[in-house]
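Here are the chains, one letter per residue:
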Amino acid sequence: MPFLVQKMIIEELGLDERLFLSTTSKRTCRLLGMFKINVKAISIKVTRSYVEVEVGDRPFLQWTFTIPFEQCEPGSSLLKVDGSSFTYYHPSSFDWKYEGVELKRKKNAGIVLGKLLRHLTSFLNIERYLECDCDRLSPGLIPQLDFNHVYDSIEIRHKRVINMTPEDLKFVLENVRTKVLRLNVKVTSIRGYKYQKNPDKEASIDRLEIENYGWVDFSELPAAKDIRIEKKIQLDHMNTILGSWIAGKNRYMEIGDFYLGEFAHLNREIIFKDIETYATQLTNAEIDSWFRNSRYLPNRRYLYNQIVVDIMRTDDGLRATVIEVTHRPDPQSNRRMFVMVWTIMKLHRMPYLVQKMIVEELGFNERLFLSVTSRRTCSLLGMFKVNLDSISITVDTDDIRITVWKTYFDEWTFKMPFNQRHWRGSSTWRIDGSVVQVGKGQYSAMYCRLNDERLATTENAMTVFVKLLRHLKSFLNVRECRHCFLRIIPVGFIPQLDCDLVYDLLNISNLKTEPVAPEYLEFILENVQTKVLRLDVKVPSVRGYKYRRNPEKERVVDRLQIQNYSWVDFSELPVARAISIQSKIRLYDMNTILKSWIAGRNRDMEIGDFELGRYSPRNRKIIFNDVETHVTESTEANMDSWFTAYRDLPDRSFLHNVTAVDILRETDGTRATVVEATNRPEHQSKRRMFVLVWSEANLRPIGQDDN
């Protein structure tokens, strides 16, 4: 078939159809791979009996593949993946059927896992690799994992220590790309084995958690940004870690967390033997900020007997702060030691190019938490802004919300509640010169409020909203707002909208018409740049109020959709390219619109859509009273093109009893076609009227813009 026909057919296929077709032949699988479909996530679990691959995001799993280490029960083979058969048991569940020569079955299961993952990625776009949880390992299984993608977490541990080969351990530490790697393993095949890091490999692990450390060389820790050793280490091992970092090794480590157990004050000298220490240059506030902004460090309020010193790396002078603490007030209780490398805290002292290189490597979350440490750091981040995917604003009955997306998986939600409450575990951020209290809520949302009792609850929320939006724009490229929903309109909120943003959708509507002040309505229509503006408002404060457009203001609204029109002056409609009034208007109001357009007003309107309700042919004369009409010059094909080209207009195939006439503007002779139609075949059903101006933009879809 031709390429376009293939594309149309394949894009109509469901997930199950693609799976079964992909196993028919390599040629079909390659064809499906040209038009991949997105799948939310994939996760892998290795138990004592089987390997399980789940495709889809829980609880909405698409498929589950089980690869047992032993023979599964016989069944009808449905899927054949590169010589390996999967047996169908119940919808969306497939078990691997052991076939072939007597290979070691555990090793064979690893081979089948590799084949399955390669096959799935050949025709699917897997957006997220959630986890790989291994309760046991079989030989050759780890290298079969797909490490071309970043896993949220990989766990290779059980209640007991898992035995691992040196090759598999090296493969995991040097090839895996994961946010969190948790290891409780040992290497028994080589006595006294110590892992030696490959200097040519870059760090691909964000956080490494080690339980059994018998394989760890403390003079050269594995490459990871955040390292935690959960079991008690010897004091001379801690001395080796610090001495190696000072000598220029362990360079990837930015945060270290080590458990030291109980020891006497005299034994503390072992840790700092031959280590030159300095009085720390960090303030208590900066140390608090470190602990507060790292998701893996404990709350500093529950740490006691803190001893803080600095150390310095000899080759580049980079400083690190070493913090020794206990979890109980007793000085003889178990101790932990944290190593905090000054990767960013003193970044402003570095040369410009070094600053640029470091800041550009920062992740989305890191930029946020660093931006609230100080104005100076925020200004530095603002020199190297990162682009945003989108931002959205919602004003609900309970709070104001700002949601920011960097990518599909990098998302922040800030909530400014209207009601005051006591927030436990909250921290303080410095935002736009003010101290803002921030507490974590459900679904990673962050609740924000000012510690200012003078402000009323609603005013407090609006003040934080303005400051937070200004703060985000100071270090992020925020140009567009995907949508802004105002289900209520707090007093004073409308002027706080950022007029530098372009809003894809600004929706001011709810189940009931919202009251609004005249100056707020004028501000929206004349200052807020919007692609689609939906309004269901009224102006009760001024009796008989009608909006008067400002002739000095340029058009800022592209599509205007009006529900309640009591404030609309039909002789001078608000400035918008496309106007839709979705409530029934009176016939003489429609007459006013047409006469005003002919007289030279309503010049910005290029498309009009008006609901007229039911009326008799005799009453139709009211619409065209004193309106000179002409036989339309628009052909059926032209009108079809118009209705097809613009999503502002309905599908013409669902319109009935269509009549069309033309009107001419007196000032310049511009023509407009007035189309009258019903949504049902009956002549007495509700009628709508469309005004299609023959502007350059409207003529382009029908190929008449040159005329």
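Residues numbered from 1 in each chain as written. Predicted model: local features only at pLDDT ≥ 70, side-chain atom pairs only at ≥ 80, totals over all residues. Heavy atoms only, no water.

K.L.:
So what exactly am I meant to see when it comes to the nonpolar core here?
P.N.:
Here is a general trend for soluble globular proteins: nonpolar side chains tend to be buried in one another's company. F414, M416, W567 and M590 are the most contacted members of the largest nonpolar core, which has 97 residues in total. If you tally residues by element for this core, the top one is helix 12 (residues 457-475), at 9 residues. Other than its neighbours up to four places away in sequence, M590 contacts I585, F610, L612, I623, M689 and V691. If you look at the next biggest cluster of nonpolar residues, it comprises 84 residues, including L79, Y195, I210 and M253. (Core = buried A, V, L, I, M, F, W, Y, C linked by side-chain atoms within 4.5 Å. Buried < 20%, exposed > 50% of the residue type's maximum accessible area, 1.4 Å probe, protein only. Helix = DSSP H or I, 4+ residues; strand = E, 2+ residues; numbered from the N terminus. Contact = heavy atoms within 4.5 Å.)

K.L.:
Sorry if this is basic, but what is going on with unusual backbone geometry here?
P.N.:
Here the phi dihedral of D626 falls at roughly 60 degrees; this positive angle occurs in a residue that is not glycine. For D626, the location among the structural elements is in the loop between helix 15 (620-623) and strand 36 (630-631). The exposure class assigned to D626 is exposed, which follows from its relative accessible area of 65%.

K.L.:
Can you walk me through the pattern of salt bridges in this structure?
P.N.:
Pairing of side chains with opposite charge becomes possible as their charged atoms draw close. One pass over the full model with this rule turns up 36 salt bridges. Salt-bridge contacts for D498 lead to K473; the nearest nitrogen and oxygen are separated by 2.6 Å. Within this pair, whereas D498 is found in the loop between strand 28 (483-486) and strand 29 (502-508), its partner K473 is found in helix 12, the two being separated by 25 residues in sequence. Close ionic contact of E676 with R687 constitutes a salt bridge, the shortest N to O distance being 3.1 Å. Of the two residues, E676 sits in strand 38 (residues 671-678) while R687 sits in strand 39 (residues 687-693), which places them 11 residues apart along the sequence. For E676, a relative accessible area of 2% puts it in the buried group. Within this structure, E155, R182, R207, E209 and D226 form a network of salt bridges that share partners. (Salt bridge = Lys/Arg side-chain N within 4 Å of Asp/Glu carboxyl O.)

K.L.:
Quick question: what am I supposed to make of the packing of helix 10 (residues 364-371) against helix 11 (residues 375-382) here?
P.N.:
Axes are the key here: two packed helices are described by the angle between their axes and the distance separating the axes. Orientation of helix 10 relative to helix 11, taken along the N-to-C sense of each, is 140 degrees, at an axis distance of 8 Å. Where helix 10 abuts helix 11, its residues R367, L370 and S371 lie against T377, C378 and L381. By residue class, the composition of the contact of helix 10 with helix 11 is 3 nonpolar, 2 polar and 1 charged. (Axes fitted to C-alpha atoms, helices over the stretch in contact; angles between N-to-C directions. Nonpolar A, V, L, I, M, F, W, Y, C, P; charged D, E, K, R; others polar.)

K.L.:
Help me out: how do you make sense of the pairing of strand 20 (residues 390-395) in this one?
P.N.:
Regular strands have side chains that alternate between both faces of the sheet. For strand 20, the tally of buried residues reaches 6 of 6 residues, placing the bulk of the element in the interior. On strand 20, burial covers both faces: S390, S392 and T394 on one face and I391, I393 and V395 on the other are all buried. Where strand 20 meets strand 21 (residues 399-405), 6 bridges bridge the pair, whose relative direction is antiparallel. Paired with T394 across the strands is R401, a residue of strand 21. (Pairing = 2+ DSSP bridges.)

K.L.:
Looking at this structure, how should I read the packing of helix 2 (residues 15-22) against helix 3 (residues 26-33)?
P.N.:
Here helix 2 crosses helix 3 at 145 degrees, and the two axes come no closer than 8 Å. For the pair helix 2 and helix 3, contact is made by R18, L21 and S22 and by T28, C29 and L32, respectively. Looking at the contact of helix 2 with helix 3 residue by residue, the class counts come to 3 nonpolar, 2 polar and 1 charged.

K.L.:
When you look at a nonpolar patch on the surface in this model, what are you seeing that I'm missing?
P.N.:
Together, M1, V5 and I9 make up an exposed nonpolar region whose accessible area comes to about 300 Å². On the secondary structure map, I9 appears in helix 1 (residues 3-11). Since its relative accessible area comes to 41%, I9 is described here as partly exposed. (Patch = residues over 30% accessible without salt bridge, like charges linked within 9 Å, V, L, I, M, F, W, Y side chains within 5 Å. Areas by Shrake-Rupley, 256 points an atom, 1.4 Å probe, with all protein chains shown as cover.)

K.L.:
Looking at this structure, I do not really get the environment of D226. What am I missing?
P.N.:
Mapping D226 onto the fold places it in strand 13 (residues 226-229). For the pair D226 and G256, spaced 30 residues apart in sequence, the C-alpha separation works out to 6.0 Å. The contact partners of D226, leaving out residues within four places of it in the chain, are D206, R207, L208, I255 and Y296.

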